[in-house]
Amino acid sequence: MDVSQNGNVRNSESMCSVTEVEEIDFSKFTDRPTRPLNIDRQRSFDERSLSELSFSPRHSSRNADINFLRNVDHVESVYSPSRRSGLNTPMSHRSFEPHPLVGEAWEALRRSLVHFRGQPVGTIAALDSSVEGLNYDQVFVRDFVPTALAFLMNGEPEIVKNFILKTLRLQSWEKKIDRFQLGEGVMPASFKVLHDPVRNSETLMADFGESAIGRVAPVDSGFWWIILLRAYTKSTGDSSLAELPECQKGMRLILSSCLSEGFDTFPTLLCADGCCMIDRRMGVYGYPIEIQALFFMALRCAFLLLKQDNEGKEFVERIVKRLHALSFHMRSYFWIDMKQLNDIYRYKTEEYSHTAVNKFNVIPDSLPEWIFDFMPARGGYFIGNVSLARMDFRWFALGNCIAILSSLATPEQCTAIMDLIESRWEELVGEMPLKVCYPAIESHEWRIVTGCDPKNTRWSYHNGGSWPVLLWLLTAACIKTGRPQIARRAIELAETRLPKDNWPEYYDGKLGRFIGKQARKSQTWSIAGYLVAKMMLEDPSHLGMVSLEEDKQMKTPLRRSNSWTF
Ligand code: GLC
């Protein structure tokens with residue numbers, strides 16, 4: 001495949017690798033190769049190299065980062081596809097001493113494996129026998145993602161393939177809640193293996209939200225499924241899984257649910273509260289960053305994986321249009337920094353016409369007090385939500401990290417997000433990485449927003465609690481932005497507590513000093529998140545599985561901000 005001077009792609013070869021496809025300007029989708037993907041692990045690694053780690057020159061002054069960059073060079077020059085990261089498995093031969101915790105974490109992760117008819121198909125959410133199982137005895141789609149990445153990084157892709165295929169089968173179930181039928185594309189939140197001792201048989205039982213609290217369907221599951229399919233393809237070089245007609249169909253079904261036309265005037269996806277990792281009422285309804293960032297990333301992954309055959313072509317066209325509109329919308333309206341905050345503070349209201357500056361009629365009085373102190377002179381982030389007269393200024397960790405990984409954030413915005421994390425370390429990381437959102441909501445607001453939820457009291461659980469699983473996302477974002485020492489600092493903090501506290505699900509308190517009120521112990525994604533963070537830091541080439549380069553054609557002329565340019 002050649003890229004001509006004007007950026008168009010000429011199909012001079014019959015096959016095209018995923019890395020090559022990634023470099024395609026997707027606004028020119030008609031030039032997109034129609035032939036099957038053939039991903040060569042070695043080749044994709046070569047091309048991944050430093051260009052996938054977008055280091056900004058202004059960080060080159062940091063010694064730790066320079067060393068890290070040298071390390072990346074070293075890793076790349078010695079890499080071979082069959083070679084595993086020294087830290088990857090406690091059993092493997094290695095030339096250095098791994099942290100003793102790594103071996104312990106692998107053992108715990110393997111204990112949580114769930115088998116179906118003799119094959120591993122996932123991991124249980126938590127192995128805590130001291131409390132009632134509730135639904136923690138199930139395999140959650142979102143929880144399995146860090147586990148899947150850990151196994152992929154360790155050269156054990158089978159379980160990931162099994163998981164992808166089993167959840168795909170569950171998607172094709174008829175999904176009914178009372179008398180209402182859910183859309184065909186909905187992926188389960190979780191599933192469980194049922195053993196029938198009489199017949200000596202096993203069946204899978206899925207939950208599409210019908211047994212969840214509040215009966216909310218998991219919007220994030222379908223997105224994670226597509227993201228995982230791309231991670232599997234990228235890591236193994238095996239494109240045959242993604243090319244299976246059933247996988248192509250599964251992707252199209254997910255896409256048709258979220259690309260369908262309605263009454264919306266925004267390119268963002270309208271959601272109910274509780275449809276993502278924050279699965280209880282937390283005011284995360286409307287257009288939450290947690291979903292928009294995943295939506296963006298899943299669209300970009302689907303663009304890479306979808307065949308442009310008769311059925312796929314239409315979707316590719318719709319994806320391209322949506323990506324353009326979505327990136328413009330998010331980068332312009334969800335972004336906040338000192339300059340933008342000051343602009344909102346001075347907003348006029350009741351503006352009418354296309355020249356309106358205050359496009360959503362946001363009333364400056366709705367700015368919360370905390371944000372004036374929280375906003376650093378340098379730094380910025382994507383806020384939680386934007387719609388009519390509503391800006392949810394809370395910080396959400398997952399959405400911001402995914403925005404970096406998917407390149408929804410421009411390189412300048414990526415840098416600004418990392419600057420914010422550094423300058424607001426106490427608030428966002430504290431003594432246990434990482435706050436799921438900041439700040440907590442309290443008192444009267446807590447009553448109204450959460451419906452008096454006793455689990456989500458201030459600085460607990462989803463309401464400003466600290467979730468160790470987020471460590472892998474932070475680490476990936478750090479590596480992508482060339483700031484690995486931030487991840488190192490966070491991992492060191494986690495290592496002082498996690499094993500001692502037996503891998504809790506979350507921590508409570510302003511600084512995350514307390515084991516969460518109702519946190520499970522032996523929470524699988526806390527374990528897997530730690531392992532993935534360690535492995536990525538050890539071998540940064542793993543980043544390619546979960547990271548996408550910025551698409552040049554999506555460059556949005558931002559009307560702000562200069563806060564990161566000094
Ligand atoms: C809780 C979390 C959710 C997670 C589940 C299983 O419900 O809020 O994000 O998937 O536990 O760990």
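Residues numbered from 1 in each chain as written. Predicted model: local features only at pLDDT ≥ 70, side-chain atom pairs only at ≥ 80, totals over all residues. Heavy atoms only, no water.

Under an unreviewed UniProt entry, the protein chain has the name Alkaline/neutral invertase and belongs to Morus notabilis. You can read under Sequence similarities (unreviewed entry) in the UniProt record for the protein chain the words "Belongs to the glycosyl hydrolase 100 family." (UniProt positions renumbered as here; feature names shortened; annotations may be inferred.)

## Some thoughts on the site of the ligand
Residues in close proximity to the ligand include Ala125, Tyr136, Phe140, Arg142, Asp143, Met277, Asp279, Tyr461, His462, Glu505, Gln523 and Trp525, which together make up its full environment. The side chain of Asp279 places a nitrogen or oxygen atom 2.6 Å from an oxygen atom of the ligand. His462 places a polar side-chain atom, nitrogen or oxygen, 2.6 Å from an oxygen atom of the ligand. For the ligand, whose free accessible area comes to 310 Å², the fraction covered by protein is 97%. Grouping the constituent residues of the shell around the ligand by class yields 6 nonpolar, 2 polar and 4 charged. (Near = heavy atom within 4 Å. Polar contact = N/O pair within 3.5 Å; in protein donor to acceptor, adjacent residues only side chain to side chain. Areas by Shrake-Rupley, 256 points an atom, 1.4 Å probe, with all protein chains shown as cover. Nonpolar A, V, L, I, M, F, W, Y, C, P; charged D, E, K, R; others polar.)

## Focus on the environment of Glu412
Mapped onto the secondary structure, Glu412 falls in helix 15 (residues 411-423). Take Glu412: its relative accessible area is 40%, and that puts it in the partly exposed class. Linking Glu412 and Gly379, residues 33 residues apart in sequence, is a C-alpha distance of 9.6 Å. (Helix = DSSP H or I, 4+ residues; strand = E, 2+ residues; numbered from the N terminus. Buried < 20%, exposed > 50% of the residue type's maximum accessible area, 1.4 Å probe, protein only.)

## Regarding the sheet that holds strand 8 (residues 190-196)
Here 3 strands make up an open sheet; going across it, the order is 5-8-9 and the pairing antiparallel. Edge positions in the open sheet fall to strand 5 (139-140) and strand 9 (201-207), since each of these has one partner strand only. Here strand 5 pairs with strand 8 via 2 bridges, running antiparallel. Within strand 8, the residue paired with Val139 across the bridge is Phe191. (Pairing = 2+ DSSP bridges.)

## A closer look at the side chain of Lys455
Of note, Lys455 is situated in the loop between helix 17 (443-450) and helix 18 (471-480). With no salt bridge to any partner, buried Lys455 finds its closest opposite charge in Glu505, at an N-O distance of 6.6 Å. Those residues within four positions of Lys455 in sequence are excluded, and the remaining contacts are Arg280, Ser460, Tyr461, Lys517 and Gln518. (Lys, Arg positive; Asp, Glu negative; His and termini not counted. Salt bridge = Lys/Arg side-chain N within 4 Å of Asp/Glu carboxyl O. Contact = heavy atoms within 4.5 Å.)

## Here we look at the sheet that holds strand 10 (residues 335-337)
Strand order in the open sheet formed by 4 strands is 10-11-12-13, and the pairing between neighbours is antiparallel. One side of each edge strand has no neighbouring strand; the edge strands of this open sheet are strand 10 and strand 13 (437-438). Note: strand 10 against strand 11 (residues 380-387), 3 bridges, orientation antiparallel. Residue Trp335 lies in a different strand from strand 11, and its bridge partner there is Phe382. Contacts from helix 12 (residues 338-345) reach strand 10 and strand 12 (390-396) within the one sheet, and its direction differs from that of strand 10 by about 95 degrees. Of the strands in this sheet, strand 11 and strand 12 are in contact with helix 14 (residues 397-406), which crosses strand 12 at around 80 degrees. (Axes fitted to C-alpha atoms, helices over the stretch in contact; angles between N-to-C directions.)

## Some thoughts on the packing of helix 14 against helix 18
A pair of packed helices is captured by two measures, namely the crossing angle of their axes and the spacing between those axes. Contact geometry of helix 14 with helix 18 gives a least axis separation of 9 Å together with a crossing angle of 35 degrees. In this structure, the crossing between helix 14 and helix 18 has a hand that is left-handed. Contacts between helix 14 and helix 18 involve Leu398, Cys401, Ile402, Ile404 and Leu405 from the former and Leu473, Leu474, Ala476, Ala477 and Lys480 from the latter. For the contact of helix 14 with helix 18, the class distribution of residues is 9 nonpolar, no polar and 1 charged. (Left-handed = near helix turned anticlockwise from the far one by under 90°.)

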